[in-house]
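# Breakdown of the fold
Here is how the chains run, residue by residue.
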Amino acid sequence: MKKWFIADTHFSHTNIIKYANRPYTNVEEMDRNLIENWNQSIAKEDQVFFLGDFGLGDVNHLHSICSQLKGHKICIRGNHDRNASWMTQVGFSVVLESAFLKIGRHLVELIHIPTDQPPIHFQLHGHVHDKRPRTIVSNQLNLCVEVWDYKPVSEKMIVSILDKASKQSP
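Residues numbered from 1 in each chain as written. Predicted model: local features only at pLDDT ≥ 70, side-chain atom pairs only at ≥ 80, totals over all residues. Heavy atoms only, no water.

On to the layout of surface pockets, then. Where empty space is left in the structure can be found by rolling a water-sized probe over the atoms. Taken as a whole, the largest pocket encloses approximately 200 Å³ of empty space. Taken together, 13 residues form the lining of the largest pocket, with Thr135, Ile136, Ile161, Ala165 and Gln168 sitting closest to its centre. When residues of the lining of the largest pocket are traced back to their parent elements, those giving at least two are strand S8 (136-137) and helix H5 (155-168). Tallying contributions element by element places H5 first for the lining of the largest pocket, with five residues. (1 Å grid on protein atoms, 1.4 Å probe; cavity = no way out; pocket = protein on both sides within 12 Å on 5 of 7 lines; lining within 4 Å. Points joined across faces, edges and corners; volume = space filled by probe spheres on them. Helix = DSSP H or I, 4+ residues; strand = E, 2+ residues; numbered from the N terminus.)

Put into structure tokens, the structure is as follows:
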């Protein structure tokens, strides 16, 4: 079982294509590509930490998308996600506001919106789309799909980034 991380898919959200300058002509193309990218990386037994803003639509529509996605899905609720009960109906096995997780040798906070004050620990987040790079900024790592080629990020990749950043710290 591997661990994967991803944020801000915004399935079926037409305006996100323009807002985040996504390379899609419509939501059908975007949704299809996001599902393909997810399933090419993730196996059914893998664990996926979703860091918020899954998609738009009614619960049945979002459940139909979520049910196509491989892995055991854990949701860290985003500002565009409804309540925990709704997200469970969508298809997430666990729904949280935030969590701490050991990733490699690092205790890491999983959250949707990065804190304004840089945390003393590492923080994985979404929310900012392409407004931050895919490198550590103030102990925070942006996992929005826009900066990761619309694909989930492996635990191995995150450990590598965190290890490198912790060696560079004073």
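The next point concerns the nonpolar core. Core analysis: the largest hydrophobic core is formed by 29 residues, its most contacted members being Phe54, Met87, Val90 and Phe92. Contributions of two or more residues to this core are made by strand S1 (3-6), helix H1 (14-19), helix H2 (27-41), strand S2 (47-50), helix H3 (59-66) and helix H4 (84-90). Top contributing element to this core by residue count: H2, with five residues. With residues up to four places along the chain from it excluded, the contact list for Met87 reads Phe54, Cys75, Arg77, Asp81, Arg82, Phe92 and Val95. (Core = buried A, V, L, I, M, F, W, Y, C linked by side-chain atoms within 4.5 Å. Buried < 20%, exposed > 50% of the residue type's maximum accessible area, 1.4 Å probe, protein only. Contact = heavy atoms within 4.5 Å.)

Turning to the pattern of salt bridges, a few remarks are in order. Taken as a whole, this structure holds five salt bridges when the rule is applied. One salt bridge in this structure joins Arg105 and Asp163, with 3.5 Å as the shortest N-O distance. Here the residue Arg105 occupies a position in the loop between strand S5 (99-103) and strand S6 (106-110), and Asp163 occupies one in helix H5, the gap between them amounting to 58 residues. Residue Asp149 pairs with Arg134 through a salt bridge whose shortest N-O separation is 3.8 Å. (Salt bridge = Lys/Arg side-chain N within 4 Å of Asp/Glu carboxyl O.)

Quick look at H5 now. Compared with an ideal rise of 1.5 Å per residue, which puts 14 residues at 20 Å, H5 spans 20 Å between its outermost C-alpha atoms and is within 8% of the ideal. Every buried residue belonging to H5 is among Ile158, Val159, Ile161, Leu162 and Ala165, and all of these are buried. Buried residues of H5 fall within an arc of 165° about the axis and therefore sit on the same side. Facing away from the buried surface of H5 by more than 90 degrees, the exposed residues are Lys156, Lys164, Lys167 and Gln168. (Expected span 1.5 Å × (residues − 1). Arc of directions from axis to C-beta.)

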